[in-house]
Amino acid sequence: MADTHALDTIPLKVTPLHALHVELGAKMVPFAGYDMPVQYPAGVLAEHLHTREKAGLFDVSHMGQAFLRFAGYGEGLSGDAAHERVAAALETIVPGDIRGLKPGQIRYTLLLNDEGGILDDLMVTRPLSADLQGMLVLVVNAATKEADFAHIAAKLAGSATLERADDRALIALQGPAAEAVMRTLVPGAAGLGFMEMDWFDIGGVSAMISRSGYTGEDGFEISLPDEAVEAFARRLLAHPDVKPVGLGARDSLRLEAGLCLYGHDIDETTTPIEGALGWVIPGRRREEANFPGAGVILRQIAHGAARKRVGILPEGKAPAREGTRIVDVAGKEIGAVTSGGFGPTAGGPIAMGYVDADHAATGTEIALMVRGVARPARVVPMPFIEKRFHRTDKK
Amino acid sequence: MSDILYTDQHEWVQVDGDVATIGITDYAQEQLGDVVYVELPAIGKKLALGDEAAVVESVKAASEVYAPVSGTVVEVNDDLEGAPGSINEDAMGSGWFLKLELSDESELDNLMDEAAYKSFLASLG
């Protein structure tokens, strides 16, 4: 058995739930500079399946939370006019429709560089409260948060100010039982629609609760002040349907859901079009062509990108890990796997990766070079499981 | 039945005559987590000491199992294909990987007995 011991010289940061993870028997590993639980005693498989059957509780406090306000916030402008100002500022660095966000609505978007490469993916929320118009709530990835926040502050200097929310923790409750569990603790939050957020009072503490997640399941993400998160996490864990879930199952859950892991499936060298994320760029933004990298990206929309991120289903049982070379049926290299492993709910190996445009069509037969042997696989649509997001029928 | 011998790579070797049964230790399976896939060598394959003998994969990662002794593969545990979880449940028993016909019994002298392996584990902290 090959064993590797990482020689970490930089002290790891901890989240406010670190002591709870240790108490619960978690196996802790370094991740994005934090000492994080990769799994609890139940193990990755059980944690994954429990999330799909009941509800899993995840600590994602390492992620970066921040508030963005337009210059002049609180000095008279209110409502849509105030939102318009902060949205217009953010739209200079992301390709999404931020101006069109409704109060309380969350949107997934991308920070782009001038070449159209992806600096990060992030969640942007327009507050529901009339008092908070002109402000946006941002949640970015842990590994990129320092660079992201510096980039945002520099690019928007003069038009908007960024306030980091480093004193807030973030937890996610994910799974089909999440709504019933939330109803017992914060009844109002159970009424949120998919990709909606609002502030709620939890025992005198102000929490931001979103109907969102990273598992393909219904669920919530809850932002609380650091000092309040452990008590709330313990209340969630006291519910018989809730079990703690580590980063290991978080990764297998998001892979089954076909969701990108920044730094693996998308990065500065991939554009949204190559990354099959063209849907984040709506018609208005394409017409305006005023986001970073618009030249490259619009050219790829018009003429196609040379490569594309696709779902990959190996025919055999051997998992194909990140970095696995992808070849065509003749053995010519056509791409590489960017995320791959075993999907506990899918019941076998699953992967995603980039292939050249000629091999990106659903059903294309390809092969994965695992330990020097070409293993047959097919290009398939994602997700690998049926997504069960909470949809409210608005008739 | 002879005593079980161990390697510092967390494999166990049980010798019966000139055939060695090989698996990974309980410590190894616990470090790996849930095993979801095992790749075993072909019958008849000749393995030199330290050659890659098998691959064991958990949800998280793939790990190699290296031949703890030299020999020829005479049997593999086909049951693992349908039930890789038996490595987690019974690493020292039904979770065995393969049987090798030994080509150099003197290599067994380099392996640890149970007491030595236990103190080795203790040294890992």
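Everything numeric in this text was worked out from a predicted model, so none of it was measured.

1. A closer look at the overall build of chain B
Next, step 1: Along chain B, the regular secondary structure elements total four helices and nine strands.
Next, step 2: Traced from its N-terminal end to its C-terminal end, chain B shows the element sequence β-β-β-α-β-β-β-β-β-α-α-β-α.
Next, step 3: For chain B, the C-alpha radius of gyration of 13 Å lies close to 14 Å, the compact-globule estimate for 125 residues.
Next, step 4: Expressed as lengths along the three principal axes of its C-alpha atoms, the size of chain B is roughly 35 × 35 × 25 Å.
Next, step 5: Here chain B, with 125 residues, has 49% of them falling under the buried criterion.
Next, step 6: Accessible surface for chain B amounts to roughly 5800 Å². Of this, 46% is attributable to carbon and sulfur atoms.
Next, step 7: Across chain B, the mean location of the 5 positive side-chain charges is 2 Å away from that of the 26 negative side-chain charges.

2. Regarding the side chain of Gln133 of chain A
All names here are of chain A.
Next, step 1: Locating Gln133 in the fold gives a position in the loop between strand E6 (118–125) and strand E7 (135–140).
Next, step 2: At 2.8 Å, the side chain of Gln133 and the backbone oxygen of Pro127 are in polar contact.
Next, step 3: Polar side-chain contacts of Gln133 include one of 2.9 Å to the backbone oxygen of Ser129.

3. Re the sheet that holds strand E3 (residues 55–59) of chain A
Residue and element names in this part refer to chain A.
Next, step 1: Taking strand neighbours across the sheet as the criterion, the six strands line up as E10-E11-E12-E9-E3-E13 in an open arrangement whose pairing is mixed. On the outer flanks of this sheet lie strand E10 (197–202) and strand E13 (242–244), each paired with one strand and no other. Ignoring strand direction, the axes of neighbouring strands in this sheet form an average angle of 25°.
Next, step 2: Where E3 lies against strand E9 (residues 168–174), four bridges are found, and the strand directions are antiparallel. Along E9, the bridge assignment pairs Gly56 with Gln174.
Next, step 3: Together, E3, E9, E10, strand E11 (205–210), strand E12 (219–225) and E13 form the strand contacts of helix H6 (residues 226–237), whose direction differs from that of E12 by roughly 145°.

4. A short note on the packing of aromatic side chains
Residue and element names in this part refer to chain B.
Next, step 1: For the coordinates displayed, the defined rule picks out four aromatic pairs over all chains.
Next, step 2: With centroids separated by 4.5 Å and ring planes inclined at 5°, the aromatic side chains of Tyr6 and Tyr117 adopt a geometry described as stacked. Of this pair, Tyr6 sits in strand E1 (residues 4–6) while Tyr117 is found in helix H4 (residues 114–124), placing the two residues 111 residues apart along the sequence. The pair Tyr6 / Tyr117 is uniform in exposure class, with both members buried.

5. Things to note about the side chain of Asp218 of chain A
Residues and elements named next belong to chain A.
Next, step 1: Its location among the elements puts Asp218 in the loop between E11 and E12.
Next, step 2: Asp218 gets classed as buried once you look at its relative accessible area, which sits at 10%.
Next, step 3: Ignoring any residue separated from it by four or fewer positions in sequence, one finds Asp218 in contact with Leu173, Gln174, Gly175, Ala178, Glu179, Arg211, Arg388, Phe389 and His390.

6. Quick notes on the confidence of the model for chain A
Low-pLDDT portions of the prediction should not be read for the details of their coordinates.
Next, step 1: Summarising the model, chain A shows a mean pLDDT of 95, and 96% of its residues fall at 70 or more.
Next, step 2: Counted against residues more than four places away or in other chains, residues 1–5 of chain A, with its pLDDT under 50, gives 13 contacts.

7. Concerning helix H5 (residues 178–185) of chain A
Residues and elements named next belong to chain A.
Next, step 1: Within H5 the residues assigned to the buried category are Ala178, Glu179, Val181, Met182 and Leu185. Across the axial projection of H5, the buried residues extend over an arc of 160°, all falling on one side.
Next, step 2: Structurally, H5 contributes buried residues whose contacts are with E3, E9, E11, E12, H6 and E13.

8. A short note on the interface of chain A and chain B
Next, step 1: In this complex, chain A contributes 17 residues to the contact, which on the side of chain B involves 27 residues.
Next, step 2: The contact between chain A and chain B buries some 1800 Å² in all, and 52% of this surface belongs to carbon and sulfur atoms.
Next, step 3: Counting every contact that joins chain A to chain B gives four salt bridges.
Next, step 4: For Arg321 of chain A, the salt bridge is made with Glu57 of chain B, and the minimal N-O distance between the two is 2.8 Å.
Next, step 5: Linking chain A with chain B are 12 residue pairs in polar contact (both at pLDDT 80 or more), by the criterion used here.
Next, step 6: At the level of elements, strand E2 (34–39) and helix H2 (44–53) of chain A are the ones that each hand at least two residues to the side of chain A that touches chain B.
Next, step 7: The element contributing the most residues to the side of chain A that touches chain B is H2 of chain A, with three residues.

9. Quick look at the pattern of salt bridges
All names here are of chain A.
Next, step 1: With the rule as written, the count across this model stands at 29 salt bridges over all chains.
Next, step 2: Glu146 is paired through a salt bridge with Arg164; the nearest N and O atoms lie 2.9 Å apart. Taken together, the residues span a long stretch of sequence, with Glu146 in helix H4 (residues 145–155) and Arg164 in strand E8 (residues 160–164) at a distance of 18 residues.
Next, step 3: Here Arg211 ties to Glu179 by a salt bridge, and the two come within 2.6 Å at their closest N and O atoms. Of this pair, Arg211 sits in the loop between E11 and E12 while Glu179 sits in helix H5, placing them 32 residues apart in sequence. The same class applies to Arg211 as to Glu179, namely buried.
Next, step 4: Beyond isolated ion pairs, a larger network of salt bridges with shared partners links Glu84, Glu91, Asp97, Arg99, Arg107, Arg284, Arg285 and Glu288.

10. Comments concerning unusual backbone geometry
All names here are of chain A.
Next, step 1: Along the chain, Met382 connects to Pro383 via a cis peptide bond; the corresponding omega equals 5°.
Next, step 2: Take Pro383: it is sitting in the segment after strand E19 (373–380).
Next, step 3: With a phi close to 60°, Ala276 is a non-glycine residue in the positive phi region.
Next, step 4: Tracing the backbone shows Ala276 in the loop between helix H7 (247–256) and helix H8 (283–288).
Next, step 5: By relative accessible area, Ala276 is classed as partly exposed at 28%.

11. Some points on the pairing of E19 of chain A
Each regular strand displays side chains that alternate between the two surfaces of the sheet.
Residue and element names in this part refer to chain A.
Next, step 1: Two strands pair when backbone bridges link them, and strand E14 (residues 307–314) and E19 are joined in this way by four bridges, in the antiparallel orientation. Pairing of Leu313 across the sheet is with Arg378, part of E19.
Next, step 2: Bridge count for strand E18 (residues 365–370) against E19 is six bridges, and the pairing is antiparallel. Residue pairing for E19: Leu368 is matched across the bridge by Arg375.
Next, step 3: Turn length for the E18-E19 hairpin, with the two strands adjacent in sequence and antiparallel, is two residues, and the turn residue Arg371 shows positive phi of about 50°.

Cut-offs and rules
Residues numbered from 1 in each chain as written. Chains lettered and ligands numbered in written order. Predicted model: local features only at pLDDT ≥ 70, side-chain atom pairs only at ≥ 80, totals over all residues. Heavy atoms only, no water. Helix = DSSP H or I, 4+ residues; strand = E, 2+ residues; numbered from the N terminus. Rg over C-alpha atoms; globule rule 2.2 N^0.38 Å. Buried < 20%, exposed > 50% of the residue type's maximum accessible area, 1.4 Å probe, protein only. Areas by Shrake-Rupley, 256 points an atom, 1.4 Å probe, with all protein chains shown as cover. Lys, Arg positive; Asp, Glu negative; His and termini not counted. Charge placed at Lys NZ, Arg CZ, Asp CG, Glu CD. Polar contact = N/O pair within 3.5 Å; in protein donor to acceptor, adjacent residues only side chain to side chain. Pairing = 2+ DSSP bridges. Axes fitted to C-alpha atoms, helices over the stretch in contact; angles between N-to-C directions. Contact = heavy atoms within 4.5 Å. Phe/Tyr/Trp six-rings, centres within 6.5 Å; stacked < 30°, edge-to-face > 60°. pLDDT = per-residue confidence, 0-100. Arc of directions from axis to C-beta. Buried area = accessible area lost by both parts, 1.4 Å probe. Salt bridge = Lys/Arg side-chain N within 4 Å of Asp/Glu carboxyl O.

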